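Structure at a glance
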Amino acid sequence: MNGIFDRRTVAEFIIILAVCVGAWMLIVEPKVAELGELEASIAEADRNPVLQNQGAVKHMASQLDSVRQRVRAIAQQNEFGRDSSSIYGLIMSMAKEHGVTVDRLDPGSSRAGGNGESVQVASFDMRVQGRYEPMAAFLDAIENIDGFVRPVRLTIAPRGTAGEELVEARFMCEALTFTMPEALTAMVGDDHADQ
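Residues numbered from 1 in each chain as written. Predicted model: local features only at pLDDT ≥ 70, side-chain atom pairs only at ≥ 80, totals over all residues. Heavy atoms only, no water.

Here's the deal with the confidence of the model for the protein chain
In low-pLDDT segments, the atomic positions of the prediction should not be examined closely. Inclusion rule: Across the chain, each position has a pLDDT score giving the predictor's confidence in that residue, from 0 to 100. Strands here mean DSSP runs of E at least two residues long; helices mean DSSP runs of H or I at least four residues long; both are numbered from the N terminus. Contact criterion: two residues are considered in contact whenever any of their non-hydrogen atoms come within 4.5 Å of each other.
For the protein chain, the average pLDDT comes to 77, and 81% of its residues sit at 70 or higher. When mean pLDDT is compared element by element in the protein chain, helix α5 (residues 132-143) scores highest at 89, while helix α2 (residues 49-52) scores lowest at 61. Considering only residues more than four positions removed or in separate chains, one finds that residues 191-195, a stretch of pLDDT under 50, has 7 contacts.

As for α5
Spacing of three or four residues puts side chains on the same side of an α-helix, whose turn is 3.6 residues. Inclusion rule: By this rule, a helix spans an expected 1.5 Å times one less than how many residues it contains. Three labels apply to residues, based on accessible area from a 1.4 Å probe with only protein chains included: buried if under 20% of the type maximum, exposed if over 50%, partly exposed otherwise in between. Directions drawn from the helix axis to the C-beta atoms are what define this arc.
Taking 1.5 Å per residue, 12 residues should reach 16 Å; α5 reaches 17 Å between its end C-alpha atoms and fits that length. Among all positions in α5, only P134, M135, F138, L139, A141 and I142 are buried. Here the buried residues of α5 occupy an arc of 155° about the axis, which is enough to place them on one side. Residues of α5 that are exposed and point more than 90 degrees away from the buried face comprise Y132, E133 and E143. The inward-facing, buried residues of α5 abut α4 (84-98), β2 (119-131), β3 (148-159) and β4 (166-178).

Looking at the pattern of salt bridges
In plain terms, the rule: Throughout this description, the term salt bridge denotes a Lys or Arg side-chain nitrogen within 4 Å of a carboxyl oxygen of Asp or Glu.
Taken as a whole, this structure holds 7 salt bridges when the rule is applied. With its nearest N and O atoms 4.0 Å apart, the salt bridge here joins E168 to R127. Note that E168 is positioned in strand β4 and R127 in strand β2, a separation of 41 residues in sequence. Put simply, E133 and R131 hold a salt bridge, and the shortest N to O gap is 3.7 Å. Put simply, R104, D106, D125 and R170 are held in one network by salt bridges that share partners.

Side note on the nonpolar core
Defined as follows: By nonpolar core we mean a set of buried residues, namely Ala, Val, Leu, Ile, Met, Phe, Trp, Tyr and Cys, connected to one another through side-chain atoms within 4.5 Å.
Residues M126, V128, M135, F138 and I142 are the most contacted members of the largest nonpolar core, which totals 23 residues. At the level of elements, α4, β1 (101-112), β2, α5 and β4 are the ones that each hand at least two residues to this core. Core analysis: the second largest hydrophobic core is formed by 7 residues, V119, V121, F148 and L176 among them.

Below you can see the structure in the form of structure tokens.
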């Protein structure tokens, strides 16, 4: 009986040993490998001065937000120069609002600017009449349009009879539209890439 007990004990011991080795290989060994990878990542982060400085990371993120806001502002201001009929309508409504008469408003042709295809330029030549103060307010309103407007030429001359104090202005301006690089437009389109 002593021999049977020894064989049974040895068999049970071998089975227990096999179960332990199998559990080690299935459960513990992958966790040890994962732990090694995490330790390597931590060591790499410790060697990287940018990742050590949390303030630097926050500063870069705030700069990215600032760039995104500026790119959005440029895109919004670009919308003004894309549609000549909206420019025409806006100028006519501003003239009416300021009590100025538009005698002529000629939209010029659209062309590429000095940087090849990166800038599109649409020119507008207008002749307007009115009293001096409303004329000045009208020209100031054109300068403050939410778009890229570049004055090219302005001539003002007195008109009308004595006592009317009318002036006639000939004003030429250009509406600019910038083509932004794809990298910037892609960055604006993905607000949560850095979070």
